[in-house]
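Report on the structure
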Amino acid sequence: MQQQIDRYGVVGVIVERGRYLVIRRSQTVLAPGKLCFPGGGIEPGETPQEALVREFHEELGIAVRPIRFDWENITPWKVHLQWWIAELEPSQTPLPNRDEVEEVLYLTLDEMLTHPDMLESNLTYLERLRTRPVLGARKFSGS
């Protein structure tokens, strides 16, 4: 029996020097104050890669480039998520859109796995990273 899907979303995984870029969600969105990877919904007519670029721009004001598809899952609330390895231009500094993001952090895998505020839906992916770590993504090289 096929599982019902209500929405489609994309998640971006950026790792630099062994630390992953994660955000603390603002108090005005679902799961307020929780830590998670940046991402969001895929809009009609948009590819997952286009959604990833848009979401990073909206949430953090930075340009990213999707490198490769890494994994997918369906959340308990029926959202089909695609997880993408991405890279960002090194000269950029993430600036949180306070409507969506309270804080930007760079955490190790162990720090994420043990952090009390980590969004539960990210834990399966984090456990997967134990056996299949993301090796340092290449630096953004422009178009």
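Please refer to the structure placed before this passage.
Thresholds applied
Residues numbered from 1 in each chain as written. Predicted model: local features only at pLDDT ≥ 70, side-chain atom pairs only at ≥ 80, totals over all residues. Heavy atoms only, no water. Core = buried A, V, L, I, M, F, W, Y, C linked by side-chain atoms within 4.5 Å. Buried < 20%, exposed > 50% of the residue type's maximum accessible area, 1.4 Å probe, protein only. Helix = DSSP H or I, 4+ residues; strand = E, 2+ residues; numbered from the N terminus. Contact = heavy atoms within 4.5 Å. Pairing = 2+ DSSP bridges. Expected span 1.5 Å × (residues − 1).

**So, the nonpolar core**
Where a protein is soluble and globular, its nonpolar side chains tend to be buried together. Counting 22 residues, the largest nonpolar core has Y20, F37, M112 and Y125 as its most contacted members. Looking at this core, the elements that each hand over two or more residues are β1 (7-13), β3 (19-25), β7 (79-88), β8 (101-107), α2 (109-114) and α3 (123-131). Here this core takes four residues from β7, the largest share from any one element. Excluding residues that lie within four positions of it along the chain, M112 makes contacts with Y20, V22, F37, L107, M118 and L126. Listed in part, the 16 residues of the second largest apolar core include L21, F56, L60 and W84.

**Here we look at unusual backbone geometry**
If you check the backbone angles, R17 has positive phi at about 50 degrees while not being a glycine. Within the fold, R17 resides in the loop between β2 (15-16) and β3. With a phi angle near 65 degrees, K78 is a residue other than glycine that sits in the positive phi range.

**Section: the pairing of strand β6 (residues 64-74)**
One ladder, built from nine bridges, connects β6 with β7; its direction is antiparallel. Bridging across to β7, W71 finds its partner in W83. The antiparallel hairpin formed by β6 and β7 contains four residues in its connecting segment, where K78 sits at a positive phi of about 65 degrees.

**Some details on helix α1 (residues 48-60)**
The end-to-end C-alpha distance of α1 is 18 Å, a good match for the 18 Å that 13 residues give at a rise of 1.5 Å each. Looking only at α1, the buried set comprises P48, A51, L52, R54, E55, F56, E59 and L60. Residues of α1 that are buried in the fold lie against β1, β3, β5 (39-41), β6, β7 and β8. Immediately beyond the C-terminal end of α1, within one or two residues, lies G61, with a positive phi of roughly 65 degrees.

**Considering the environment of I67**
When you line up the elements, I67 lands in strand β6. I67 sits in the partly exposed class, given a relative accessible area of 28%. Separated by 15 residues in the primary sequence, I67 and L52 have C-alpha atoms spaced 11 Å apart.

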